[in-house]
Amino acid sequence: MEKNIGRTKSKEKSKQQFLDAVGTILQTKGYKYLKVNEIAATAGLDKKLIYNYFGGTEQLLDEYIQSQDFWSNVEPEGLTALMSDGGKTFSKEMLSQQFEFVAQNKALQKILLWRLAEERASLRKITDQQEENGEILLKIVTDGMTEEKAKNFRAVMAILISGIYYLNLYSEVNGSVFCGLDIKKETDRSHIKNALDFLVDQTFETL
């Protein structure tokens, strides 16, 4: 029994080393270097273990990308407390959390850029999965709306979420000032989060 526990712990440790290696390569060299030999060398492990533990490089990348995605890591359970006002507080909280999540997660920023730059099965898969997870959360809010109002709400959320992505990517790649606001300054970031709250308020008031 103890041997089995030891092997399990060793396997989990090695798997994490591979996942960490993917993140290191993404942030230091870029997605073009995410090859089996490069990942194994960065992890300091035999590349055969990638096939043993994940089934292959694509599956390893799938697992890594999923671990970094905001929507894939939000649990719908326990969110009912934020739904007493029809989902307005819930929407504000999710947008605010996502804004900070993208800002702090440099690996996710690389993934978002990678997703725009290259068509790849693992990226398409995580995009589809992200939509599925996002749908679960959106339905919590839109279930009580008419079809037209639900579509209007989704359209607003699409613009706000894409704005969250763009502002954070822009601040890392081409400069941190956008429309006179420094995305890297906490005070200016607070103004953006206040604007997100304002737009959610206006959306619910209109709908």
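Scroll up a little and you will see the structure.
Quantities reported herein were computed from a predicted structural model and do not represent experimental measurements. (Residues numbered from 1 in each chain as written. Predicted model: local features only at pLDDT ≥ 70, side-chain atom pairs only at ≥ 80, totals over all residues. Heavy atoms only, no water.)

Q: Summarise the overall build of the protein; cite the residues concerned and give the values.
A: Helix and strand counts for the protein stand at 9 helices and 2 strands. Reading the secondary structure of the protein in the N-to-C direction produces α-α-α-α-α-α-α-α-β-β-α. Projecting the C-alpha coordinates of the protein onto the three principal axes gives extents of approximately 60 × 45 × 30 Å. Sorting the 207 residues of the protein into buried and exposed places 39% on the buried side. Long-range pairs, those at least 24 residues apart, make up 63% of the contacts in the protein with a sequence separation of at least 6. Measuring between centres, the 27 positive side-chain charges of the protein sit 7 Å from its 30 negative side-chain charges. (Helix = DSSP H or I, 4+ residues; strand = E, 2+ residues; numbered from the N terminus. Buried < 20%, exposed > 50% of the residue type's maximum accessible area, 1.4 Å probe, protein only. Contact = heavy atoms within 4.5 Å. Lys, Arg positive; Asp, Glu negative; His and termini not counted. Charge placed at Lys NZ, Arg CZ, Asp CG, Glu CD.)

Q: Summarise the pattern of salt bridges; cite the residues concerned and give the values.
A: This model, assessed by the stated rule, comprises 10 salt bridges. A salt bridge links Asp201 to Lys88, with the shortest nitrogen-to-oxygen separation between them at 3.8 Å. Residue Asp201 is located in helix H9 (residues 186–206), and its partner Lys88 is located in helix H5 (residues 88–104); the two are separated by 113 residues in the primary sequence. Judged by relative accessible area, Asp201 falls into the partly exposed class, the value being 24%. Where Glu100 meets Lys193, a salt bridge forms, and the shortest distance between an N and an O atom there is 3.0 Å. On the criterion of sequence distance, the pair formed by Glu100 in helix H5 and Lys193 in helix H9 is long-range, its members being 93 residues apart. Owing to a relative accessible area of 16%, Glu100 belongs among the buried residues under this scheme. Accessibility expressed as a relative area gives 17% for Lys193, which makes it buried. (Salt bridge = Lys/Arg side-chain N within 4 Å of Asp/Glu carboxyl O.)

Q: Can you break down the environment of Ala43 residue by residue, with the values?
A: When you line up the elements, Ala43 lands in helix H2 (residues 36–43). Along the primary structure Ala43 and Lys15 are separated by 28 residues, whereas in three dimensions their C-alpha atoms are 9.4 Å apart. Residues in contact with Ala43, not counting those within four places in the same chain, are Gln17, Phe18 and Ala21.

Q: Explain helix H6 (residues 106–117) residue by residue, including any values.
A: Its 12 residues place the ends of H6 17 Å apart at the C-alpha level, agreeing with the 16 Å of an ideal helix rising 1.5 Å per residue. Among all positions in H6, only Ala107, Leu108, Gln109, Ile111, Leu112 and Trp114 are buried. Its side-chain oxygen at 3.2 Å from the backbone nitrogen of Ala107, Asn105 defines the N-terminal cap of H6. (Expected span 1.5 Å × (residues − 1). Polar contact = N/O pair within 3.5 Å; in protein donor to acceptor, adjacent residues only side chain to side chain.)

Q: Quick one: what's the story with the packing of helix H4 (residues 57–68) against H6, residue by residue and with numbers?
A: Where H4 contacts H6, the two axes come as close as 9 Å, and the packing angle between them is 115°. Note that H4 runs across H6; the crossing there is left-handed. For the pair H4 and H6, contact is made by Leu61, Tyr64, Ile65 and Gln68 and by Ala107, Leu108, Ile111 and Trp114, respectively. For the contact of H4 with H6, the residue count by class is 7 nonpolar, 1 polar and no charged. (Axes fitted to C-alpha atoms, helices over the stretch in contact; angles between N-to-C directions. Left-handed = near helix turned anticlockwise from the far one by under 90°. Nonpolar A, V, L, I, M, F, W, Y, C, P; charged D, E, K, R; others polar.)

Q: Residues and numbers for unusual backbone geometry, please.
A: Peptide bonds are mostly trans, and most non-glycine residues show a negative phi. The backbone of Cys179 shows a phi angle near 55°, a positive value even though the residue is not glycine. Following the sequence through the fold, Cys179 ends up in the loop between strand S1 (177–178) and strand S2 (181–182). Among the residues examined, Cys179 registers a relative accessible area of 73% and is labelled exposed.

Q: Describe the side chain of Asn105, listing the residues and the values that go with them.
A: Looking at the secondary structure, you find Asn105 in the loop between H5 and H6. In terms of polar contacts, Asn105 uses its side chain to reach the backbone amide nitrogen of Leu108, at 2.8 Å.

Q: So, the packing of aromatic side chains: which residues are in play, and what are the values?
A: Inspection of every chain in the model, using the stated rule, returns 6 aromatic pairs. Here the aromatic rings of Tyr166 and Phe178 are separated by 5.9 Å at their centres, their planes lie at 75°, and the arrangement is edge-to-face. Highlighted residues: Tyr166 in helix H8 (residues 147–173) and Phe178 in strand S1, separated in sequence by 12 residues. Overall, the relative accessible area of 46% leaves Tyr166 in the partly exposed class. Between Tyr170 and Phe178 the ring centres are 5.1 Å apart and the planes differ by 80°, which places this aromatic pair in the edge-to-face class. The exposure class of Tyr170 is partly exposed, given its relative accessible area of 22%. (Phe/Tyr/Trp six-rings, centres within 6.5 Å; stacked < 30°, edge-to-face > 60°.)

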